[in-house]
Structure formats: structure tokens, C-alpha cells
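Take a look at the letters that make up each chain.
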Amino acid sequence: MSNDRRDFLKKSALLGLASIAGNLIGEEKLKTLDDLALNNETSHTLPALPYAYNALEPFIDAQTMEIHHSKHHKAYVDKLNAALKEFKGDAALVSLFAQVSKLDTAIRNNGGGHYNHSLFWTLMQPNKEGKKIVAEGKIAEAITTHFQSFENFQKEFTEKATKVFGSGWCWLIEQDGKLKITTTPNQDNPLMDVVSEKGKPLLALDVWEHAYYLKYQNKRADYISNWWNVINWNKVNELYTTK
Ligand code: MN
């Protein structure tokens, strides 16, 4: 990978995490960006959710959110820290992702799990009244440019997310100035050197069964169609416009 490319990916990841750090509330609030992205200590911490566990109801239920955050995400953080115990290099997530193909699988799986979930939480927001929401700002224009219409984008993203085989994620990324929809297996993400489509993550959807099974059982398509109601487009736009 070229230095330019590496710098781009590093900056991209930092932007995402800077936004995360700026949005968290509660006791576990991250004090600085260093706590997550640039932290080259071998200790990562579970960020607080930027809203209550029941805030995304009726679309995502409180019990799912609580288990997802306090058990699943926490386990990724704990296992990442355990995997980094003997690690001697730079333990910042962006540095790990750039060379993840050469590292222990536990670092890839749990580092990805930590980053992906930290980002995912900030990309959602309450919509109690269930009003129809669509992209706004510059990202809305870019989506129309690249996908013809918001509806086309939504259709393509939904199809790709629905078809992920087994556990994984669906992403909207910016790659060399273009918007693309990609998917990754397990906890891989578009910042890792192992994925074929690298880029800056703008929107992420967790399609692991643990993200929806309690409320939706096997009906992943219903979970996805409801998730469109809680996307925080301001955040997506901020990620897109912050260069
Ligand atoms: Mn998950």
C-alpha cells in the first residue's frame, strides 16, 4: 500500500473516531480522541452509547441494544485487550487495521468488533414518531450523483445487506472520491488490508443475528427496513464532509 493510501486510510479512520469521541455521553465519555484511535497503549475502553438503550424503539428494542452494547461490544474490547497483552507494536486501531493480515486473528476480529460497533452506535438516533427520514446535506447530493436517487441507493444497500451470508456488515464508503456500497464478513471493515474494497466508512449496518434476533428472529429484511428509520444522517454527512 502506498504512503498516500495509508495516510488517507489513517485520516479516514481518525475522522470517524473523532466524531465518535465528540458524541459520547455518560460516565465513560472519552476524554480525547487518543482514547480510541490513537491509543497506542494496549488498553482499549468501551465507549458509552450516545443515547439510552430504549432510545431507538420501536425500531430497535432496548434489550437488544443493552446486550449488544454491554455484552457483545464489551467482549470485543476485553478480548482485544487480551490479544494485545503481548503485542509490542503500535496498538492504535488504524495502525492495526493497516497490517491486520499479518496479525493474530483475535486482533483482527476484536479490533474490528470494537471499531465497527463504536461507529455503528453514532450512526443511529431516536425517531420515536417514525417520521420518514432521508439523507441530507452534501451526502444527499453525493448519493444522488452516484446512485441516481436516494431510493436507488436504499434499494442497493438493502439488497447487499440482506444477502450477506452469515455474519457481517454492510457499508457505504468513500473510495477515491466515489461512493460505494460494500460488505465485509465477520468483523472486518473497509480500513483493513484484508478487504478488497477499501475506503472511508460513512455508514455501517451490523447484520449479525445478535443485532436483531430477539425482536426480529430470522427476519433480517424486516430489521433492515426498520433500521432506515433511525439513521443519523447528520453524522453520515459530517463524516463525508470532514476531510
Ligand atoms: Mn454487533
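Shown above is the structure to which this text applies.
Fair warning: this is a prediction, and the values are worked out from it, not measured in the lab.

Draft legend 1. Just helix 4 (residues 105-122), in detail. Taking 1.5 Å per residue, 18 residues should reach 26 Å; helix 4 reaches 26 Å between its end C-alpha atoms and fits that length. Where burial is concerned, most of helix 4 is hidden: 14 out of the 18 residues are buried. One side-chain oxygen at the N-terminal end of helix 4 lies 2.9 Å from the backbone nitrogen of Ala-106; it belongs to Asp-104.

Draft legend 2. Representation of the coordination of the manganese ion within the structure. Around the manganese ion, the protein contributes the donor atoms His-68 (NE2), His-117 (NE2), Asp-206 (OD) and His-210 (NE2), which lie 1.9 to 2.1 Å from the metal centre. Mapping the donors of the manganese ion onto the primary sequence yields the spacing H-x48-H-x88-D-x3-H. Of this pair, His-68 sits in helix 2 (residues 62-83) while His-117 is found in helix 4, placing the two residues 49 residues apart along the sequence. As far as the burial class goes, His-68 and His-117 line up, both buried.

Draft legend 3. Highlighting the side chain of Thr-64. Looking at the element boundaries, Thr-64 is found in helix 2. Exposure remark for Thr-64: the relative accessible area of 2% places this residue in the buried category. Those residues in contact with Thr-64, other than ones at most four positions away along the chain, are His-210, Ala-211, Tyr-212, Leu-214 and Lys-215.

Draft legend 4. Structural context of the sheet that holds strand 3 (residues 200-206). Reading across from one edge, 2-1-3 is the order of the three strands in this open sheet, with antiparallel pairing throughout. With partners counted over all chains shown, the strands left at the sheet margins are strand 2 (178-185) and strand 3, one partner each. Going from strand to strand, the sheet's axes swing by 20 degrees on average, the running direction of each strand aside. Where strand 1 (residues 168-175) meets strand 3, six bridges bridge the pair, whose relative direction is antiparallel. Among the inter-strand pairings, Cys-170 is bridged to a residue of strand 3, identified as Leu-205. The strands touched by helix 6 (residues 150-163) within the sheet are strand 1, strand 2 and strand 3, with strand 1 carrying the most contacts at an inclination of about 140 degrees.

Draft legend 5. Structural detail: the environment of Asn-232. One can find Asn-232 in the loop between helix 8 (220-227) and helix 9 (233-241). For Asn-232, a relative accessible area of 12% corresponds to the buried category. For the pair formed by Asn-232 and Gln-125, sequence separation is 107 residues and the distance between their alpha carbons is 5.4 Å. With near-sequence residues (within four places) excluded, Asn-232 lies in contact with Thr-122, Leu-123, Met-124 and Gln-125.

Parameters and conventions
Residues numbered from 1 in each chain as written. Predicted model: local features only at pLDDT ≥ 70, side-chain atom pairs only at ≥ 80, totals over all residues. Heavy atoms only, no water. Helix = DSSP H or I, 4+ residues; strand = E, 2+ residues; numbered from the N terminus. Expected span 1.5 Å × (residues − 1). Buried < 20%, exposed > 50% of the residue type's maximum accessible area, 1.4 Å probe, protein only. Polar contact = N/O pair within 3.5 Å; in protein donor to acceptor, adjacent residues only side chain to side chain. Donors = N, O, S within 2.8 Å, 3.2 Å for Na, K, Ca; no water. Contact = heavy atoms within 4.5 Å. Pairing = 2+ DSSP bridges. Axes fitted to C-alpha atoms, helices over the stretch in contact; angles between N-to-C directions.

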